[in-house]
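Structural features, examined
Next come the chains, spelled out residue by residue.
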Amino acid sequence: MVIAYRPETTAQAVEYLARGDVAIFAGGTDIMVGDKPVCRSFKGEPSAMLFIDAIDELKTLSDNSKTITVGAGLSLTELENDHRVPKLLRDSILQVAAPGVRNCATMGGNVCNASPAADTLPILYLLDTQVVVSSVNGKITFPIEQFIKGPGITQLTSSDLLTQLVIPKTEFSHTFYRKVGTRCANALTKVSIVGAANIQNGLLSDWRVAFGAVGPTVVRDQQIESLLIGKPVAWLKQHHNIQSIIEAYKAKISPLSDQRSTATYRLRTSLKLLEKWLTELSDG
Ligand SMILES: Cc1cc2nc3c(=O)[nH]c(=O)nc-3n(C[C@H](O)[C@H](O)[C@H](O)COP(=O)(O)OP(=O)(O)OC[C@H]3O[C@@H](n4cnc5c(N)ncnc54)[C@H](O)[C@@H]3O)c2cc1C
């Protein structure tokens, strides 16, 4: 017999989680897939399942002039239809699975599952998202790149609940997003890339890029980004300058071969897409 808890508040949920061997079930679209562990945050069989779908606090979305706060329990469908959600994030959500899965799948589940191929993660990295985790001891906030520690591994302990994502509001004059999969729907990512930039008075005042499915976690490198920030857009017209950026990322990208793609294909495709993003940008 499986014990099931279905709390209506975050406070009740973290009380249950404090017992230490209770597995969280959000939309269930990862948990229900046979070869996945029931719970990412502890080893072994749980004594109970914690269904978090009745917690209204996890389904709120709010914003102010600086940030947008997304409840972990919001479904991907709810987010794709809310125009307060950054467009890049909505674009990535539209690439997840198909509508039936997105109706159940939650934002928190996509993050906590911590798959290298999770489609929202590159965008959350690019936007400098903060992850809010609650337990009976209070709240802790992590930058997303610290929250995700490896494939399927996060900072979550068995008593933690991811409650919110706080995403800074940033305007970009230029963006770029591509997901490469076997087909348009219900295909997990072979490679993805997201880029964003601001061009002011002919200078790159902001430039960012993040890659999905090319390593154990999303690849974003702010040191390489800083090499471009402040440069004139015309600098990108020189082919060797674009090549030097590509070479810098080549050293950072270390994909695996798996059932979806080969390491060689992933490396080549991600760098070709980077070249396309830089070339598009050089045209202003
Ligand atoms: C057919 C199919 C196609 C798919 N295609 C894609 C795709 O194209 N792109 C993609 O990115 N994903 C895809 N997925 C994976 C999945 O749909 C997403 O990762 C989804 O966002 C998971 O959310 P969920 O609410 O269903 O998570 P669940 O399955 O409920 O949970 C996933 C994990 O996160 C933990 N968890 C969930 N919420 C919390 C929380 N608030 N706090 C702490 N821990 C929590 C759970 O305990 C579990 O370990 C696909 C899945 C299926 C079945």
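Rules behind the numbers
Residues numbered from 1 in each chain as written. Predicted model: local features only at pLDDT ≥ 70, side-chain atom pairs only at ≥ 80, totals over all residues. Heavy atoms only, no water. Near = heavy atom within 4 Å. Polar contact = N/O pair within 3.5 Å; in protein donor to acceptor, adjacent residues only side chain to side chain. Areas by Shrake-Rupley, 256 points an atom, 1.4 Å probe, with all protein chains shown as cover. Helix = DSSP H or I, 4+ residues; strand = E, 2+ residues; numbered from the N terminus. Nonpolar A, V, L, I, M, F, W, Y, C, P; charged D, E, K, R; others polar. Salt bridge = Lys/Arg side-chain N within 4 Å of Asp/Glu carboxyl O. Buried < 20%, exposed > 50% of the residue type's maximum accessible area, 1.4 Å probe, protein only. 1 Å grid on protein atoms, 1.4 Å probe; cavity = no way out; pocket = protein on both sides within 12 Å on 5 of 7 lines; lining within 4 Å. Points joined across faces, edges and corners; volume = space filled by probe spheres on them.

The name that an unreviewed UniProt entry assigns to the protein chain is FAD binding domain-containing protein, with the source organism given as Shewanella eurypsychrophilus.

**Brief notes about the site of the ligand**
In the region of the ligand, 33 residues are neighbours, and Ile 24, Thr 29, Asp 30, Thr 106 and Asp 119 sit closest. Between the ligand and Gly 27, the relevant distance is 2.7 Å, taken from an oxygen atom to a main-chain nitrogen or oxygen of the residue. Within the contact set of the ligand, an oxygen atom lies 2.8 Å away from a backbone nitrogen or oxygen of Gly 28. For the ligand, the accessible surface in isolation is 990 Å², of which the surrounding protein chains cover 90%. If you tally residues by element for the shell around the ligand, the top one is helix H5 (residues 107–113), at 4 residues. In terms of residue class, the shell around the ligand is made up of 20 nonpolar, 9 polar and 4 charged.

**Comments concerning the pattern of salt bridges**
One pass over the structure, following the stated rule, counts 16 salt bridges. Of the charged contacts, one joins Asp 82 and Arg 84 as a salt bridge, the two residues approaching to 2.8 Å between their closest N and O atoms. For Asp 82, a relative accessible area of 16% corresponds to the buried category. Lys 237 serves as the salt-bridge partner of Asp 283, at 3.2 Å between the closest nitrogen and oxygen. Residue Asp 283 is found in the segment after helix H10 (263–282), and its partner Lys 237 is found in the loop between helix H8 (222–228) and helix H9 (239–250); the two are separated by 46 residues along the sequence. The class of Asp 283 is exposed, set by a relative accessible area of 58%. With relative accessibility at 51%, the residue Lys 237 sits in the exposed group.

**A word on the layout of surface pockets**
Of the voids in this model, the second largest pocket is the one considered here, and its volume is about 300 Å³. Residue lining of the second largest pocket: 14 residues in total, with Pro 86, Lys 87, Thr 170, Glu 171 and Phe 172 positioned closest to the centre. Sort the elements by how many residues they give to the lining of the second largest pocket and helix H3 (residues 87–93) lands first, with 3 residues. The class makeup of the residues in the lining of the second largest pocket is 7 nonpolar, 2 polar and 5 charged.

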